[in-house]
Each structure stands twice: as structure tokens, then as C-alpha cells.
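Spelled out, the chains give:
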Amino acid sequence: MESRHLLRFLILVLGCLLFLLLLRSSTNLPPLEAIPIKDQLLHCGSSPWCGSSSSSRKMQGSRTPSSANINPLFPGFEAIPHEKRTPKHPLDPLTLQEIEKVRSILYASPLLSTRPSPPQIHSMVLEEPDKAEVLSWKKGSNSPLPTRKASVLVVMEGKTHRLTVDLQSSMIAGDQVISTSGYPTMTMEEMNLATFAPLKDPQFNASVRRRGVELGDLACLPVSAGWYGREEAGKRVIKVQCYSAKDTANFYMRPIEGLTALVDLDTMRTLWVRDVDKEVPIPKAEGTDYRAGAQPGPGRNRQLNPISLEQPKGPSFEVVDGHQVKWGAWEFHLKPDSRAGVIVSQSSFRDPDTGELRRVMYKGFTSELFVPYMDPTDAWYFKTYMDAGEYGFGLQAMPLDPLNDCPRNAWYMDGVFPAADGRPYVRPNMACMFERYAGDIAWRHSESPITGLPIREARPKVTLVVRMAASVANYDYIVDWEFQTDGLIRIKVGLSGILMAKGTEYTSVDQAHQAKNEEHLYGTMLSENLIGVIHDHYVTFYLDMDVDGPDNSFVKVKMVRQDTGPGESPRTSFLKAVREVARTEKDAQVKLSLYQPYEFHVMNPSKKTRVGNPVGYKVVPAATAASLLDGSDPPQQRGAFTNNQIWVTPYNRNEEWAGGLLAYQSEGDDTLAVWSQRDRSIEDKDIVLWYTLGFHHIPCQEDFPIMPTVSASFDLKPVNFFESNPILRTLPNYEKDLPTCAASAS
């Protein structure tokens, strides 16, 4: 029996080596034997983490450059192959050609070429020009683009270097060694290789076999280690945990509980293996598969008729040069990002009265996601993820599924990113954009018969949605930026995917109760031998507001009860609004409370309406959650940006990532909370607003085997920004203007 397992293992290892050799020979990389193990990285195009075939270096999947992202509704820029595209706007992301050029400059430089092995590229993005330079740029033949530069993160001799590459001079223009703790986002290749590393360890393999799992049925995940000051010190490490994929695609529901390996990311050596909870069985595969073809009986029948929004005249939005969006009164720049997912920049609204294009927000994006699990045991305490800074929110954005992730009338945007060796690859359909009409009402009023006025006025509500979805291993995040015709921006986060589940010896709640061990389940029993562990999600957004210009103030408008005096009124109390201008950062730190109601305004004190109100936008919170963790708990020290729901900081181009530039294994010394301790002036300044959406998730059986989407949102809403209702002149729908659709014969 043991010999058969050994043979299977040898075949698996030989297969991996053969795969690596074939990969190297097909991509013109240096010979495998000439490169140390830390550089023997699977190319992203061949990694299952990248969701593509080995041909992705040219164009992902079966798509050829000539067919890239061609949508008959959006001819033009999208029909240009990626390798022929050139930047048209100062904020356009690095093109495929530019990524190739940056790579060539890097590996030809003495800084990298003299090293025994080239370092991995953890990040390569456009180094955006100064804000003033971007704002002063005007499209036209007499306005060349600012000098294009790339910002690159590499780790050399344990130190993270931020390199600035000047594409015009073909030189490395800057080399900054980052002094704060932590490391850059992991590369997709090293995440993939790390999952194979424990298979070289006899103790690990013996533990797997002891649980009755064949090595060929393993599915393993790279789990960020966090920071606890012990084995994480002085090296980049990752923990690997595995599952049985036998008889199901949903291996997350079949954990090999308690088995953890610690892997050195630079050497790909297994440092130790821990095997606790050895008596916990592997949960059953039955009922875990969520795919359509695996569903039995009547549940597979269509219960609702198909529905689709049809636009015979085409969509109302226009995409100029691939990234500049125009829709109704809105104009903004949109680009993919390997860490943030998508970035929305230079959002402006054309005033309905003056025709002036007025600035609202210079830049907005998902800055960090903090996901702490509430299980302090050996195999779980470290599961406190920073999904953007550790894994790359954009890197985990898988191609969207047309008709299901996005409707038929959607336009799609690809992402072009560098692999660990610097070569570019394309992530197709990474984001989509579409117009939404869900039968909602933009505004309405009807007069009752008592007035004698036969008035019935209503306007349909149509919005523009920019969407991306990231699959960070088991969890799926859907992020929508929804633009409304009345000037409102709604940012919504949806959670779906699969729970991170824990194995248990119990098959029912009654068993755990009888064993007097319910409190140590740390979650909800979902199925036999399976627990959904309690956890939180915090999604922090960076919002560089520029309301009618860069110099803004943050105003807290407090609702205060005012008692009436004796004989003043039949009323004994009423509410009034008291405005408090935040002068420094600490004045603007907000913990939301139902019993201390506020409005939160970003105002431009130098611009006023006709009647004298300062123009502004307000952030409107909705359902959210706050962290209850102890402030000295290591995960909360790293995630201290969740201590408040709202922060306001002065604009600083080096302060964009709430968890720090180097979030992986950071000690929490470069976070939004640390920056704000300086208590800088923010009154009548160029300011950035930070908002955190929170979710407490106590799993339930309806989350098994895959979760229905749960969502939360917040709004950026005009407040005295316009002289009156900006959609007052919107026309109603008339039957003659709408297409006539007939149901097909069944």
C-alpha cells in the first residue's frame, strides 16, 4: 500500500518538473538549472491562479490579439490589439508595450543584471504624474502626455526597493529602500509554487495519508501568515493548508483540519509541519458541489423566465480611448489596477444650468480589505487576511461571466499586468460597465383629488454601473461604482462565494452540546463534521474628494435635540443641525452611532450657491459594522484603519493604502491610523476621505455550500452642489420611445 502511494507521489513530482521544463522552453526564459529555486516560478499564464492557458503571455485563453475585447456596440479602441495600444491620457495604465519596455530596462540595469538571479517583480504600475500636472493637461496635439514612469516593487536581500523607471530616458530614475516593516503583495507564481512545497516533506505526506486522503486528491491554498513576531521574523513565509478534492469541485468543504505547513517564500522550503486535530474526519463530499450540472432533481428547473435589458439604439455611455467614460452629465477615467481592482479618477459632473464640467472626486478605489476570523486555535489564529495588500485585489479579479456577472448590454475592460518575471499578460473581462434600469423611480409626485390638480409626474431611474469581482480563494467580492443622473455615486460591496470552513468531530449541534463544547466551535455547524467560522469583513475606500476644486473642508453636521421653553410651543422638543468644521485629522475621526446622528459633508468653502450655501458632497453611511477586537491584538494593530468608519487626511500621494504600502507581514507601523496620529491640518486643504464598510458574518446553513450574495453600500451625495434638482428637466418615458418586445413561442 505504501509503495503505491510513493509511486503516485513520484509521478506527481516528476509531472510538475516536466511541466516546469516545458514552460521554460516555451517562454524563452533562462535554463531552469541556472536559476535558484526561489526563481523557479510558474509563469502566471500557466498558473491556475491566473485563470488562463499557457498562451496568456500573448493573449489569455484562446483569444488572439486581433480579437481582443471587440464588442460590436463599442467599436474603435477596443478593436486595437493590446500590443498596439498606446496611452492617451496621463492616468492610463501601463500598456503591454510599456510593461515589456520596463522589464527590459530593469533587467539590463546593473542593479538587477549583476545579481546571481533576477528578483521577482511584485508590482509594476504607472507612477502617476503630480496631481497638478494631470489637472492642467488638456487633450490635443499641443498637449503631450507627461513623462511616463513606472513604479516597481522588488525584494532584494530581504529589503523592498521601490524603483522608478523613466520610460522616456529608458533609465532607472529612482531606487528607494522602504524602511517600514512588511513585504509587497505576493506574486501569483509564488503563491502557486508554495502550495506544492509541502509535498516534498515526508511528514506532511504521511499526515495526509493518515487522514485517508490520496496525494492526487489534494487541493492546497496559500494562507498569509500575518504578523505575530515569532516564525514570521526576518523572512517571508506563508502557511499552506490542504483539502480533499475527491468527488467534488468544492474542496473548501472538505478540509484536512489541523494540518498546516510553514513555507519559506524565498527558498520554497517547508520550515515546519504541524498536525493537530488528527482525529477530525474529512467532511463528506455529498451535497457540496454548487455547479449547475451537479444539481439533482427539480432544483435544476428554471423557476423564472429569463430577463434582459434591451437597448436597440445602443447604450447611452461612450468610452473614449479605452479609459475615458462619458455618460449623461458624468465624465470620469477608469482603469484596472493589480492591487485595487479598478480605479475611478477625475469624476466630474456637467452642471445642468451652466454647462460647466465641475469636479467631484479626483480618485477613488478599494484601498484595503481586512478579514479576521474569530478562532484562536493553532490552525486558525493567523487567518486575518489583508486581501488587497497581501494577495492583490486586482490580481484575483477573474474574468467576468457575460449574461450572469454582467448583463447583455455590458462593455468589458481587460487588465494588463506583469508576471513575476516582468512579462505582461492579459486578464480578459476584468471589469464591466453597463446601464441599469430596475424599475426604480428617479423622482415623482402626484396630487390628491382634494387639490383639484390632475398632476401625475414620475421619472424613471437609470444608472451607470462599473463592476469588478475578485475571487480571493474561497470568497468572492463584487464591487460596484454606480453613477446616478442626480449626481449621486453609490459604492456597493457584495459578498458571495464559499465559506472558509472548519472540520469537527461532531456531526450535530446536539453532540457538541452533550460534550459541553459548543463554545469551542467558533461558529455555526453547517453540515456533518463542518463548521462555518465567525469572521468579519472590512472594506476601506480611498476617496480623494475635489468638490469644485482641491481645497475642501470636512464638516460634521450634528443633529441636536433642542428643548422648548415654557409656553414657547405645544412641542417640548425639536431637532436642529449644528455644524462643526474639522480643523485637524483627529477632529474628523468618526465612529458611527445611531444615538449620535451626524451628516458628514465635504464642502468647498470658497464656492457658494446663489443663496449662499457652500457647495459640497456628503458621505451617507448605510448598514455597516465596527471591529470589536482588542486594540492590542496583533491583527487589529495591522488593521487599525478599521478603528473608525471615517477618517480624513491631507492629500499625500504616498498615503493611498490603508494597511500600508507593504501589508504582507507588516507590523502595523505604516497604516492610516499611524499617519493620522500626526493630527495634521485639514481645514480648507486638499483632503482625502476614507470610509470603511463592515460586515459581521455569523455563518448559517443557507450559506452552504455556496453563499447567496449579501451587500452593503454607502453614498456620495450632492449637498447644495446644485442650485436645484439637477434632473428636473429629465423627460418621462413614453410608449412610442420604447422598443416592443414579444415573448418567444414556447
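That block above? That's the structure.
Model, not experiment: these values are computed from the prediction.

Caption draft 1: Layout of the overall build of the protein. If you tally the helices and strands in the protein, you get 10 helices and 32 strands. When each of the 746 residues of the protein is scored for burial, the buried share is 54%. Long-range contacts, defined here as pairs at least 24 residues apart, represent 68% of the contacts in the protein between residues at least 6 apart. Of the roughly 33,300 Å² of accessible surface on the protein, 53% is carried by carbon and sulfur atoms.

Caption draft 2: How the structure looks around the packing of aromatic side chains. Counted according to the given criterion, the structure contains 28 aromatic pairs. Here the aromatic rings of Phe370 and Phe641 are separated by 6.3 Å at their centres, their planes lie at 65°, and the arrangement is edge-to-face. On the criterion of sequence distance, the pair formed by Phe370 in strand S13 (residues 357-372) and Phe641 in the loop between helix H9 (634-638) and strand S30 (646-650) is long-range, its members being 271 residues apart. The buried category is assigned to Phe370, whose relative accessible area is 0%. Since its relative accessible area comes to 0%, Phe641 is described here as buried. When the ring of Tyr617 is compared with that of Phe721, the centres are 5.3 Å apart and the planes differ by 70°; the resulting orientation is edge-to-face. On the criterion of sequence distance, the pair formed by Tyr617 in strand S29 (residues 614-621) and Phe721 in the segment after strand S32 (707-719) is long-range, its members being 104 residues apart. Just as Tyr617 is buried, Phe721 falls in that class too. Ring pairing ties together the aromatic residues Trp330, Phe332, Phe349, Phe483, Tyr617, Phe721 and Phe722, which thus form one cluster. Lys131 extends its terminal NZ or CZ atom over the ring of Tyr651, reaching a point 4.6 Å from the ring centre.

Caption draft 3: Region of interest: the pairing of S30. The element S30 is largely enclosed, with a buried count of five among its five residues. Every second residue of S30 is oriented toward a common face, with Ile646, Val648 and Pro650 on one face and Trp647 and Thr649 on the other, all of them buried. Pairing of S30 with strand S31 (residues 685-697), which is carried by five bridges, proceeds in the antiparallel orientation. From the neighbouring strand, Trp647 faces S31, where its bridge partner is Trp690.

Caption draft 4: Just the sheet that holds strand S1 (residues 121-126), in detail. Strand order in this open sheet of four strands is S1-S2-S3-S4, and the pairing throughout is antiparallel. Every interior strand has two partners, whereas the edge strands, S1 and strand S4 (171-177), have only one. Pairs of neighbouring strands in the sheet enclose a mean axial angle of 20°, with direction left out of account. Sheet analysis places strand S2 (residues 149-156) next to strand S3 (residues 159-166), joined by eight bridges and oriented antiparallel. Residue Ala150 lies in a different strand from S3, and its bridge partner there is Val165.

Caption draft 5: Seen up close, the state of the cysteines. Taken as a whole and assessed by the stated rule, the structure comprises two disulfides. Paired through a disulfide, Cys220 and Cys242 show a sulfur-sulfur distance of 2.0 Å. Every disulfide takes its handedness from the sign of the S-S torsion; for Cys220 and Cys242 that torsion is 100°, giving right-handed. Taken together, the residues Cys220 in strand S5 (residues 218-224) and Cys242 in strand S6 (residues 237-244) connect sequence positions 22 residues apart. The pair Cys220 / Cys242 is uniform in exposure class, with both members buried. The disulfide partner of Cys406 is Cys432, and the S-S distance across this bridge is 2.1 Å. Taking the sign of the S-S torsion, -90° for the link of Cys406 and Cys432, the bridge is left-handed.

Caption draft 6: Region of interest: the nonpolar core. The biggest cluster of nonpolar side chains holds 117 residues, and the ones touching the most others in it are Trp481 and Phe554. Phe554 has contacts with Glu580, Val581, Ala582, Ala588, Val590, Phe600, His601, Val602, Ile646, Val648, Ile687 and Leu689, leaving out every residue within four places of it along the chain. Ile343, Ala673, Val688 and Trp690 belong to the second-largest nonpolar core, a separate cluster that totals 21 residues.

Calculation notes
- Residues numbered from 1 in each chain as written.
- Predicted model: local features only at pLDDT ≥ 70, side-chain atom pairs only at ≥ 80, totals over all residues.
- Heavy atoms only, no water.
- Helix = DSSP H or I, 4+ residues; strand = E, 2+ residues; numbered from the N terminus.
- Buried < 20%, exposed > 50% of the residue type's maximum accessible area, 1.4 Å probe, protein only.
- Contact = heavy atoms within 4.5 Å.
- Areas by Shrake-Rupley, 256 points an atom, 1.4 Å probe, with all protein chains shown as cover.
- Phe/Tyr/Trp six-rings, centres within 6.5 Å; stacked < 30°, edge-to-face > 60°.
- Lys NZ or Arg CZ within 6 Å of the ring centre and 35° of its normal.
- Pairing = 2+ DSSP bridges.
- Axes fitted to C-alpha atoms, helices over the stretch in contact; angles between N-to-C directions.
- Disulfide = S-S within 2.5 Å.
- Core = buried A, V, L, I, M, F, W, Y, C linked by side-chain atoms within 4.5 Å.

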